[in-house]
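This is what each chain is made of:
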Amino acid sequence: LRCLQVGIWLLIQCGMKVITMIFLLIFARPLIWIAGTLLWPFSSFPKTTLMVVMVILPLVTNSFQFWMTDAFLMFHERIKTPLLSKHTSRQDAARAQRRQQEQREGREGRDCGRVC
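Below or above, wherever it landed, is the structure these notes cover. Computed from a prediction, not measured in an experiment: that's the story for all the values here.

### Details of the overall build of the protein chain
Now for step 1: Counting its regular elements, the protein chain contains three helices and zero strands.
Now for step 2: For the protein chain, buried positions account for 6% of its 116 residues.
Now for step 3: Working note: accessible area of the protein chain is about 10600 Å², and carbon and sulfur atoms make up 70% of it.

Written out as structure tokens, the structure reads:
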């Protein structure tokens, strides 16, 4: 299961890099204008500009990327879980009833006020 998840993650990473490259090639001019506009207040502070570009923006974009990847993987597991539980619902219900009964029986023996 872990190898499958790592493989999916690698595919997502490679796909994201290709999509990003295509996006940057298509929208280069508007993105340069947006970057210049957003970084203009920091133009007289090169260290602040460097901090924003090298630390803050990658932190935000990587957080978004990991969030989306996790959401994709968890969505895949949510789809699988109901299918599995459909086939084993009777067995699971019987196990749950047995556990509840065992817990009730265990509590009755402990009513003596001390750990028995």
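Moving on, there is more to tell.
### A word on the layout of surface pockets
Now for step 1: In this model, the largest pocket occupies a volume close to 720 Å³.
Now for step 2: Within the residue set of the lining of the largest pocket, elements represented by two or more residues are helix H1 (2-26), helix H2 (28-39) and helix H3 (46-109).
Now for step 3: The biggest single contributor to the lining of the largest pocket is H1, with eight residues.
Now for step 4: Each residue belonging to the lining of the largest pocket can be placed in one class, and the counts come to 15 nonpolar, five polar and one charged.

### Some words on the side chain of Thr 69
Now for step 1: Looking at the secondary structure, you find Thr 69 in helix H3.
Now for step 2: Accessibility expressed as a relative area gives 6% for Thr 69, which makes it buried.

Conventions we followed
- Residues numbered from 1 in each chain as written.
- Predicted model: local features only at pLDDT ≥ 70, side-chain atom pairs only at ≥ 80, totals over all residues.
- Heavy atoms only, no water.
- Helix = DSSP H or I, 4+ residues; strand = E, 2+ residues; numbered from the N terminus.
- Buried < 20%, exposed > 50% of the residue type's maximum accessible area, 1.4 Å probe, protein only.
- Areas by Shrake-Rupley, 256 points an atom, 1.4 Å probe, with all protein chains shown as cover.
- 1 Å grid on protein atoms, 1.4 Å probe; cavity = no way out; pocket = protein on both sides within 12 Å on 5 of 7 lines; lining within 4 Å.
- Points joined across faces, edges and corners; volume = space filled by probe spheres on them.
- Nonpolar A, V, L, I, M, F, W, Y, C, P; charged D, E, K, R; others polar.

Without other data, these values stay purely geometric and don't point to any function.
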